[in-house]
Amino acid sequence: SWASSTPSPQSQSRSLPPAGNSVVIRGPTGPAASDGTYERNLIRELCPPGGMRAEPPEEKLQSFRQAIPSLNPDLVCPALLDALEDGQPWIIRAKALCVMESSILVAEQSGGGGSNPYADFFHACREEIEPLATHSRSAVREPAKRVLKALGLEVAVFS
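So, about the overall build of the protein. Assigned secondary structure in the protein consists of eight helices and two strands. Along the protein, helices (α) and strands (β) appear in the sequence α-β-β-α-α-α-α-α-α-α when read from the amino end. Out of the 159 residues in the protein, the part that is buried amounts to 35%. Counting every atom, the protein has about 9,800 Å² of accessible surface; 52% of that belongs to carbon and sulfur.

Right, here's the structure in full:
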């Protein structure tokens, strides 16, 4: 019974990590937490609120491009969408759009003509991106248009 003071052999054979701890998976790019912490931190590094430019630093963006094949799109894409949310500074949104564009294009090139999980995810969430194509700041508007174009979507032109 569950209240017995002697643990059963079945419960002794199972060993789960203590609650609250994440499992670390070692891969070709180093440690990656299975809870998405690694990916969220990566996006935070690429899209900080400060800086003089509305684009991630080229060296960090290049490192990200090289890591894309080994990253989990199911963890990267939501972190990028979070950076587009209302209330985020415009500069974070602009940088996130640049990272989105890179992820779509690199996954397309390295996918060998197969599916592109980044494009599929962002296409399904295009309602989050489309309004940014008419943003008052060109630093947000232009990368949003490039992302929509990379997704094969029409960019509405308002005069």
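With that settled, consider a negative patch on the surface. On the surface, a cluster of negative charge is contributed by D82, E85, E127, E128 and E130. Relative to the helices and strands, E127 is located in helix α7 (residues 126-129).

Contact geometry of helix α2 (residues 37-46) with helix α3 (residues 58-67) gives a least axis separation of 10 Å together with a crossing angle of 150 degrees. By the angle between their directions, the pair α2 and α3 is classed as roughly antiparallel. In the crossing of α2 with α3, the sense of the turn from one axis to the other is left-handed. In this structure, α2 contributes L42, I43, E45 and L46 to the contact, and α3 contributes K60, L61 and F64. Residue composition of the contact of α2 with α3, grouped by class: five nonpolar, no polar and two charged.

Helix-helix packing is described using two parameters, namely the angle between the two axes and the distance between the axes. Put simply, helix α5 (residues 90-110) and helix α6 (residues 117-124) touch, their axes get as near as 7 Å, and they point 135 degrees apart. When the axes of α5 and α6 are compared, the pair comes out oblique. Of the residues in α6, those touching α5 at M100, S103, I104 and A107 are Y118, A119 and F122. Residue composition of the contact of α5 with α6, grouped by class: six nonpolar, one polar and no charged.

As enumerated under the stated definition, the model contains one aromatic pair in all. Arranged with centres 5.7 Å apart and planes meeting at 90 degrees, the rings of F121 and F122 form a pair that is edge-to-face. The class of F121 is partly exposed, set by a relative accessible area of 23%.

Let us now look at the nonpolar core. In this structure, I43, F64, L97, M100, Y118, F122 and I129 are the most contacted members of the largest nonpolar core, which totals 40 residues. Looking at this core, the elements with two or more residues in it are α2, α3, α4 (73-82), α5, α6 and α8 (138-150). Among the elements that make up this core, the one with the highest residue count is α5 (10 residues). Leaving out residues up to four positions away in the same chain, Y118 has contacts with I68, L71, N72, P73, V76, C77, S103, I104 and A107.

How each quantity is defined
- Residues numbered from 1 in each chain as written.
- Predicted model: local features only at pLDDT ≥ 70, side-chain atom pairs only at ≥ 80, totals over all residues.
- Heavy atoms only, no water.
- Helix = DSSP H or I, 4+ residues; strand = E, 2+ residues; numbered from the N terminus.
- Buried < 20%, exposed > 50% of the residue type's maximum accessible area, 1.4 Å probe, protein only.
- Areas by Shrake-Rupley, 256 points an atom, 1.4 Å probe, with all protein chains shown as cover.
- Patch = residues over 30% accessible without salt bridge, like charges linked within 9 Å, V, L, I, M, F, W, Y side chains within 5 Å.
- Salt bridge = Lys/Arg side-chain N within 4 Å of Asp/Glu carboxyl O.
- Lys, Arg positive; Asp, Glu negative; His and termini not counted.
- Charge placed at Lys NZ, Arg CZ, Asp CG, Glu CD.
- Axes fitted to C-alpha atoms, helices over the stretch in contact; angles between N-to-C directions.
- Parallel < 35°, antiparallel > 145°, perpendicular 65-115°, else oblique.
- Left-handed = near helix turned anticlockwise from the far one by under 90°.
- Contact = heavy atoms within 4.5 Å.
- Nonpolar A, V, L, I, M, F, W, Y, C, P; charged D, E, K, R; others polar.
- Phe/Tyr/Trp six-rings, centres within 6.5 Å; stacked < 30°, edge-to-face > 60°.
- Core = buried A, V, L, I, M, F, W, Y, C linked by side-chain atoms within 4.5 Å.

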